[in-house]
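Overview (structure and organization)
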Amino acid sequence: MMSWLMPFAMLPKTYTFFFFDSFAQIAIAVFGLYILGKLYVQPQLLSTVLPKTTTLRLWGVFVVVQLCLMAYQSVKIGNSQQTYGLLHSLVSFIQMILVIWVAYTVQKMAIQSFDDAKKFVKSVIWTIIGYSVIVLVPQILFLLGVGRFSRITNAIASLFERHWLDRDFYNNGSYVTTLFRLNGLEPEASFLALLLGLAFAPLLLMIIQEPIKSFKNHRKLYILSWLIVIFIALVLLYAKTTTGFLIIFILALLYWLMAPRNQKLWLFVLGMIALVGSALAYVAMPSVNELLNRWLFEKGGTDNRLGGTIGLIGAWLHHPLLGVGYGYEGPYIVDNLPQWSKNNYEYMAVYKNQSYPILNDVFGWLARYGLLFMATGAWLLFGLIKRAMTVLKSLGQLNNPEHIVFYRIVIKAFFVTTAAILIVAAVTPANVTSWPILLMLFFYWRVIHLAEDEVSSK
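Calculation criteria
- Residues numbered from 1 in each chain as written.
- Predicted model: local features only at pLDDT ≥ 70, side-chain atom pairs only at ≥ 80, totals over all residues.
- Heavy atoms only, no water.
- Phe/Tyr/Trp six-rings, centres within 6.5 Å; stacked < 30°, edge-to-face > 60°.
- Helix = DSSP H or I, 4+ residues; strand = E, 2+ residues; numbered from the N terminus.
- Buried < 20%, exposed > 50% of the residue type's maximum accessible area, 1.4 Å probe, protein only.
- Lys NZ or Arg CZ within 6 Å of the ring centre and 35° of its normal.
- Salt bridge = Lys/Arg side-chain N within 4 Å of Asp/Glu carboxyl O.
- Patch = residues over 30% accessible without salt bridge, like charges linked within 9 Å, V, L, I, M, F, W, Y side chains within 5 Å.
- Areas by Shrake-Rupley, 256 points an atom, 1.4 Å probe, with all protein chains shown as cover.
- Axes fitted to C-alpha atoms, helices over the stretch in contact; angles between N-to-C directions.
- Parallel < 35°, antiparallel > 145°, perpendicular 65-115°, else oblique.
- Left-handed = near helix turned anticlockwise from the far one by under 90°.
- Contact = heavy atoms within 4.5 Å.
- Nonpolar A, V, L, I, M, F, W, Y, C, P; charged D, E, K, R; others polar.
- Core = buried A, V, L, I, M, F, W, Y, C linked by side-chain atoms within 4.5 Å.

As recorded in an unreviewed UniProt entry, the protein chain goes by O-antigen ligase family protein and comes from Weissella sagaensis.

Structure follows, in structure tokens:
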């Protein structure tokens, strides 16, 4: 089953806009059937996948508080096009909880041993290769002027591409043939950058960084990982999105910080050479100049993002401890929007007439859920990071070099992924409830447990 987890997670098309987005995708049906089938064959697994009592109590309090907030806001605000509505908010919130539980349960059931974890990593690598060949390469060839690839990209998009509601990005059949920007199967280019940069790149970067001579076919794996990383970097640039530039910078910095001390100097020199080369290309090559100016230095259309962030901060500061409740942040964002952020087409045509989207995840989480529950989540995350650091230092006790290196790669990838998500989420949506990112996060969690168990058994 490990081989099929990630491929289904990569199909993000939503089949209804009423449900929470990840709940309206094909993965929920596939993973749900897998869980039911596994429990039918091995009913004793049920006790192992249920969260601990303390975790269930925390989730229970969180859910009850959110439901009370939704009911209160529904009475206070009444009918408003800026809210989800009580029924929609309730259904979407419960579905979000179920999506997280399904991702957790699938990984808990699927990854029971070191060999299972290895198989999952292989499936991740083959998934990104398949996604690149089937989806991204045809899009790139179309953008390079090979017109006949428009049929392929439009055919694939019609089956699997995720769309935003009431947007004209896809008038010609797909995002790439309308806007001439890479998006994979995501609703827009920035979400492709999040997918590649947060779900796949950290693991591949750590494979490159760690000595993998104890692995079978280690040279092929090393070369393949380098090729995929280079391809991902080119896609992030070619997608023409500020999020892509941000992720490249974050991952490069984190890669340098995670590198052994003897590598840091030459990596720094290499980084300086790349920076100088980019500066020269910016001056000498019009195409590079236009790319960086349009999507980085002179980036336009940021009024809604900046204004929305200020609106979220205002919403949170007025409801600091418990937040405003899931789906009811829209009116509070609009009430706190600066006037200068309303004078643009996207606000007038879209955001004014529907629930104002969360364009900054950190302040969005604070506005929705409040400081109390966010602090609880941060405490749980810190506990997992502390455990991961402890087991990382203890891996030398193991006798198997392959296990040591594998655990080092995965645990370091967990650190990189966590840091990258938090940094990105402080600037823009990080899409952390997407199936690929959730599967990777719970994969890291499972491997930390496996490494702990193996070290303690020694």
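A few words now on the packing of aromatic side chains. The final tally for this structure, using the stated rule, is 25 aromatic pairs. Seen in terms of ring centroids, Phe62 and Tyr369 are 5.4 Å apart; in terms of plane orientation they differ by 70 degrees. Their pairing is edge-to-face. Taken together, the residues span a long stretch of sequence, with Phe62 in helix H4 (residues 53-77) and Tyr369 in helix H17 (residues 361-394) at a distance of 307 residues. Tyr369 carries the same exposure label as Phe62, and that label is buried. Ring geometry for Tyr351 against Tyr356: centres 5.0 Å apart, planes inclined by 50 degrees, an arrangement best described as tilted. Tyr356 matches Tyr351 in its accessibility class, with the two residues each being buried. In textbook terms, an aromatic cluster arises when at least three aromatic residues are bridged by ring pairs, as seen for Trp59, Phe62, Tyr84, Phe93, Tyr326, Tyr369 and Phe373. Positioned above the aromatic ring of Trp256, the side-chain terminus of Lys264 is 5.7 Å from the ring centre. Over the ring of Trp445 we find Arg446; its NZ or CZ atom is 5.8 Å from the centre of that ring.

What follows covers the pattern of salt bridges. Per the counting criterion, the structure on display carries 6 salt bridges. Taking the shortest distance from any N to any O, the salt bridge between Glu210 and Arg408 comes out at 2.9 Å. Within this pair, whereas Glu210 is found in the loop between helix H9 (189-209) and helix H10 (218-238), its partner Arg408 is found in helix H18 (residues 401-425), the two being separated by 198 residues in sequence. Glu329 is the salt-bridge partner of Arg368, the closest N and O atoms lying 3.0 Å from each other. Remark: Glu329 occurs in helix H15 (residues 329-335) and Arg368 occurs in helix H17; sequence separation between them is 39 residues. Through salt bridges with shared partners, a single ionic network connects Glu210, Arg408 and Lys412.

A word on a nonpolar patch on the surface. Together, Tyr222, Ile223, Trp226, Leu227, Ile230, Leu234 and Leu237 make up an exposed nonpolar region whose accessible area comes to about 650 Å². Structurally, the position occupied by Ile230 is in helix H10.

A separate point is the packing of helix H6 (residues 114-143) against H18. Running from amino to carboxyl end, H6 crosses H18 at an angle of 55 degrees, the nearest separation of the two axes being 12 Å. Judged on the interaxial angle alone, H18 and H6 are oblique. Relative to H18, the crossing made by H6 is left-handed. Contacts between H6 and H18 involve Phe114, Ala117, Lys118 and Val121 from the former and Glu402, His403, Phe406 and Tyr407 from the latter. A per-class count over the contact of H6 with H18 returns 5 nonpolar, 1 polar and 2 charged.

Here we come to unusual backbone geometry. With a phi angle near 55 degrees, Lys240 is a residue other than glycine that sits in the positive phi range. Within the fold, Lys240 resides in the loop between H10 and helix H11 (242-258). Of note, the phi angle at Asn431 is positive, near 55 degrees, even though the residue is not glycine. For Asn431, the position within the fold is in the loop between H18 and helix H19 (435-457).

A few words now on the nonpolar core. Within the largest apolar cluster, 125 residues are counted, with the highest numbers of intra-cluster contacts made by Phe31, Phe200, Leu203 and Phe443. Considering each element in turn, this core owes the most residues, 17 residues, to H9. Setting aside anything within four residues of it in sequence, one finds Leu203 in contact with Val121, Val124, Ile409, Val410, Ala413, Met440 and Tyr444.

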